[in-house]
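Chain by chain, the residues:
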Amino acid sequence: VRSGRRAPREGGGSGTPEPGCCAQRGRPRRKGTRWHIDLQPWAGPAQSLDEEALRFLRYISTTQIACNHMSTDSLATDSSPAKKPWSVCLDDRFGLAHQIRSKQCRLYSLGLGNDDTQFEVSMADHGCEVHRFDPSVKSAHILESPRLWYHRLSIDWRDPHPAVAAPRPYSNTRKLGTILNEFGHHKIDVLKADLESAEWKILENLILEDVLEQIGQLTFEVHLHWPGFEVSGGDSTVVRFWYSLLKELELKGFRLFHSYKDLSKPQLFLKKDIFNASSCYTLSWVNTRWK
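Just so it is clear, the structure is predicted and the values come from calculations on it, not from any experiment. (Residues numbered from 1 in each chain as written. Predicted model: local features only at pLDDT ≥ 70, side-chain atom pairs only at ≥ 80, totals over all residues. Heavy atoms only, no water.)

### Regarding the overall build of the protein
- For the protein, the count of helices and strands is six helices and 13 strands.
- By residue count, 53% of the 291 residues in the protein fall in the buried class.
- Counting only contacts in the protein whose residues sit at least 6 apart along the sequence, the fraction spanning at least 24 positions is 71%.
- Here the protein has roughly 13700 Å² of accessible surface; of this, 52% comes from carbon and sulfur atoms. (Helix = DSSP H or I, 4+ residues; strand = E, 2+ residues; numbered from the N terminus. Buried < 20%, exposed > 50% of the residue type's maximum accessible area, 1.4 Å probe, protein only. Contact = heavy atoms within 4.5 Å. Areas by Shrake-Rupley, 256 points an atom, 1.4 Å probe, with all protein chains shown as cover.)

What follows is the structure in structure tokens.
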């Protein structure tokens, strides 16, 4: 991390950020009790990869709701791989613009060693309280600028077992719901994630534990070149699982307002050069039930 001010330690040495970092907003969340997601019916009678992939790719390429005022980090052209189109919807009906104007916006950024922080810096400059989670950060908590925090934590789909010592750099891993409780945060206006194929299991965890109701907008990079961490099964089963996760978002009131196909990445779908698909898409949803 670039030179920044280190957060002062809280008394007792617990390692938990002080209230200046994590002032509570709203009531504590309730955890859900689901153990697995409900899989969608097969796309066709053959239960084939072709049927599943065509349904899935059509789904992620078709926006579900119009956003008239969309702010992006950089809507790069297909020939410019340097920047990624992280998007938020600023239509007044969804509340984010009001939260930014009133300096009440909160953004969580989940990453794995990615040095591109243009989106986070821009959101902080516009009035959001930004928390970036990355296990490569040198100190536990760093205040980089008045509204931009860095935390040496990585987001996982499970909490570490208390009796098992995790190897570095994964010793500081938490589920997102656990971090929300530890930080005293009830709501996240924007959740950005670039998790290099861990996104599917983490998204599953957010669904199972009802964390989604605490999130106003999602902007995720999804990777399709392999099933993802701990996603098992044949190719058609994997794609059915991916599709079922995104349909769960829809059931929770999330609507896709932006889809970006990254043509700078290899054109691979489950390790195959098929379907004219990219191995990487950036997808953005807004929670239409957000209050």
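### Things to note about helix H4 (residues 176–183)
- By the criterion of burial, H4 is predominantly enclosed, with six of the eight residues buried.
- The set of residues buried in H4 consists of Leu176, Gly177, Thr178, Ile179, Leu180 and Phe183.
- Taken from the residues just after H4, Gly184 is the one with a positive phi, measuring 70°.

### A closer look at the pattern of salt bridges
- Applying the stated criterion across every chain, the model contains 16 salt bridges.
- With its nearest N and O atoms 2.6 Å apart, the salt bridge here joins Glu209 to Lys175. In this pair, Glu209 sits in the loop between helix H5 (199–208) and strand E11 (215–223) while Lys175 sits in strand E9 (residues 173–175), placing the two residues 34 residues apart along the sequence.
- Salt bridges linked by common partners bring Glu120, Arg132, Asp134 and Lys192 together as one network. (Salt bridge = Lys/Arg side-chain N within 4 Å of Asp/Glu carboxyl O.)

### Considering the packing of aromatic side chains
- Considering all chains together, one arrives at nine aromatic pairs under this definition.
- Between Trp226 and Phe229 the ring centres are 5.2 Å apart and the planes differ by 85°, which places this aromatic pair in the edge-to-face class.
- An aromatic cluster is defined as three or more aromatic residues linked by ring pairs; in this entry it consists of Phe56, Trp200, Trp242, Phe269 and Phe275.
- Taking NZ or CZ as reference, Lys187 lies 5.1 Å from the ring centre of Trp290, over its face.
- We note Arg240 situated over the ring of Trp42; from NZ or CZ to the ring centre the distance is 4.4 Å. (Phe/Tyr/Trp six-rings, centres within 6.5 Å; stacked < 30°, edge-to-face > 60°. Lys NZ or Arg CZ within 6 Å of the ring centre and 35° of its normal.)

### Thoughts on the side chain of Asp262
- Mapped onto the elements of the fold, Asp262 is located in the loop between strand E12 (254–261) and strand E13 (280–287).
- Using a relative accessible area of 7% as the deciding quantity, one classes Asp262 as buried.
- Within polar-contact distance, the side chain of Asp262 engages the side chain of Ser264 at 2.5 Å.
- Among residues more than four places away in sequence, those in contact with Asp262 are Gln267, Ser278 and Cys280. (Polar contact = N/O pair within 3.5 Å; in protein donor to acceptor, adjacent residues only side chain to side chain.)

### Observations regarding the nonpolar core
- Residues Phe56, Leu176, Trp200, Ile215, Leu224, Trp242 and Phe269 are the most contacted members of the largest nonpolar core, which totals 52 residues.
- Looking at this core, the element that brings in the most residues is helix H6 (residues 235–251), giving eight residues.
- Beyond its immediate sequence surroundings of up to four residues, Trp242 is in contact with Phe56, Trp200, His223, Leu224, Trp226, Pro227, Phe269 and Leu270.
- By size, the runner-up hydrophobic cluster in this structure holds 16 residues, among which are Ile100, Cys105, Val137 and Val190. (Core = buried A, V, L, I, M, F, W, Y, C linked by side-chain atoms within 4.5 Å.)

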